[in-house]
Amino acid sequence: MNLFRRAAVGAATLAIGGLLATAAPSAAAPSNALAAPDLPLANVKAHLTQFQSIASANGGNRAHGRPGYKASIDYVKGKLDAAGFTTTVQQFTSGGATGYNLIADWPGGDPNKVLMAGAHLDSVSSGPGVNDNGSGSAGVLETALAVSRAQLKPAKHLRFAWWGAEELGMVGSRHYVNNLPTAERAKVSGYLNFDMIGSPNPGYFVYDDDPVIEKTFKDYYAGLNVPTEIDTEGDGRSDHAPFKNAGIPVGGLFSGAERAKSSAQAQKWGGTAGQAFDRCYHSSCDTTTNISDTALDRNSDAVAHAVWTLGTDTPVPPGDTYENTTDVAIPDNGAAVTSTVNVSGRTGSAPAALKVDVDIRHTWRGDVVVDLLAPDGTAYRLKNSSGNDSADNVIATYTVDASTESANGAWKLRVQDVASQDTGYLNSWKLTF
């Protein structure tokens, strides 16, 4: 996970071209079971051991532009080629050095509905990066290999990715998204991101950017009786951000970085209150000893659960939608503005899971506060401001329990910019009943 805020937005990328290597898939019988397998923890840890060995043999790190990163790409690619994936190594440049993304496609599935899962493979230069982000890379890799072992026949096309130069500001993933033709972007139904999933003093954090993906992860943890919290520390700081900014639904998991675990979180999850979730974050001690086996096991299984669930289940048909597409300028550090959607012809109350899709274009989304106003004026907070959230735009779907509200009437979206220097506008928003 990178530390970049506003500076990351300007990280340079330049396409040099892609190298393509393929492995011919073997004919396979359809999988009868849609339930995800229990990934062997030993397999996931074996990948971490390899990442540690690669770093040790290459100056102690696996950073962008260093030989340890390219060796990491070669290791993951070799595993995927042998498992029947079609792999592509995409090159880019940053800071005068060549970087690499690795993309792996599993044959089959609807090519117009692509489910992606990814993690950044690079470390910082100060350490081997076993938790950040060998852990996410290993969980995604073992999930991909489990897809091969099951010879899964998913409904959606499955694509896995390992990103370069994330620690320099999501350079690799931004390069990938920016170079996807518009028609190809439209085919990506969701991107799942896994950055730091084995922190030694772990929390269990879920991205809240898309309600369907969020519910998929929350349902998994509920089945383990493990409480979750919404991720705020990592929001906008990892490779989901370029996808989200392009309007692609995103979600993911996070076990915590440099923030300290609170007393309430320690009571909920165990571990040590007042201590960072990862004391070795971006340090030389981020080695194979810097991992919680329990968190790594649970979160890796959650990766597989999400891929199986979202890749094979039939989506729920959409409900009735009411939309306002009129642009509304948002004053810089000024008064709140509103946009109205009029709902009529319905009976009874609004649903307990009222979907609110928001598309706000803004140069610093941390400045933006968003509320849904019911017809009677009741306000439902959708998004708070955050001085640490430097990413562009608010393109998200929120779920509101509006069951105490009348369905019919004038619903409003209220948006306010509460800090100076950045501007934007409300592009559109809609309600789905």
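Residues numbered from 1 in each chain as written. Predicted model: local features only at pLDDT ≥ 70, side-chain atom pairs only at ≥ 80, totals over all residues. Heavy atoms only, no water.

**Quick look at the packing of helix α1 (residues 41-56) against helix α3 (residues 130-150)**
In helix packing, the relevant descriptors are the interaxial angle and the interaxial distance, both defined with respect to the helix axes.
Here comes step 1: Where α1 contacts α3, the two axes come as close as 8 Å, and the packing angle between them is 130°. The angle between the axes of α1 and α3 places the two elements in the oblique class. As α1 packs across α3, the resulting crossing turns out to be right-handed. On the side of α1, the interface is formed by Asn43, Val44, His47, Leu48, Phe51 and Gln52, while α3 contributes Val130, Gly134, Ser135, Ser137, Ala138, Gly139, Leu141, Glu142, Leu145 and Arg149. (Axes fitted to C-alpha atoms, helices over the stretch in contact; angles between N-to-C directions. Helix = DSSP H or I, 4+ residues; strand = E, 2+ residues; numbered from the N terminus. Parallel < 35°, antiparallel > 145°, perpendicular 65-115°, else oblique. Left-handed = near helix turned anticlockwise from the far one by under 90°. Contact = heavy atoms within 4.5 Å.)

**Considering the confidence of the model for the protein**
Here comes step 1: Residues of the protein with pLDDT of at least 70 account for 91%, and the chain-wide mean is 89.
Here comes step 2: Counting interchain partners and residues more than four positions distant, the pLDDT-below-50 stretch residues 4-33 has 69 contacts. (pLDDT = per-residue confidence, 0-100.)

**Description of the pattern of salt bridges**
Here comes step 1: For the structure on display, the rule yields 15 salt bridges.
Here comes step 2: Note that Asp105 and Arg159 form a salt bridge whose closest N and O atoms lie 2.7 Å from each other. Of this pair, Asp105 sits in strand β3 (residues 97-105) while Arg159 sits in strand β5 (residues 156-163), and the two are 54 residues apart along the sequence.
Here comes step 3: A salt bridge links Arg346 to Asp320, with the nearest nitrogen and oxygen atoms 3.1 Å apart. Linking Arg346 in the loop between β12 (337-343) and β13 (354-362) with Asp320 in the loop between α9 (293-312) and β10 (321-324), this pair joins segments that are 26 residues apart in sequence.
Here comes step 4: Owing to a relative accessible area of 25%, Arg346 belongs among the partly exposed residues under this scheme.
Here comes step 5: The partly exposed category is assigned to Asp320, whose relative accessible area is 43%.
Here comes step 6: Overlapping salt bridges, with partners in common, bring together Asp371, Arg381 and Arg414 in one network. (Salt bridge = Lys/Arg side-chain N within 4 Å of Asp/Glu carboxyl O. Buried < 20%, exposed > 50% of the residue type's maximum accessible area, 1.4 Å probe, protein only.)

**Description of the pairing of β12**
Here comes step 1: By the alternation rule, side chains of β12 split into Val337, Ser339, Val341 and Val343, which are all buried, and Thr338, Thr340 and Asn342, of which none is buried.
Here comes step 2: The pairing of β12 with strand β17 (residues 409-417) spans seven bridges and is antiparallel. Paired with Val341 across the strands is Trp411, a residue of β17. (Pairing = 2+ DSSP bridges.)

**Let's talk about the sheet that holds β12**
Here comes step 1: Within the open sheet, the four strands sit side by side as β12-β17-β14-β15. Their pairing is antiparallel. The two strands at the open ends of the sheet, each matched to only one other strand, are β12 and β15 (379-383). For this sheet the average axis-to-axis angle between neighbouring strands, irrespective of direction, equals 20°.

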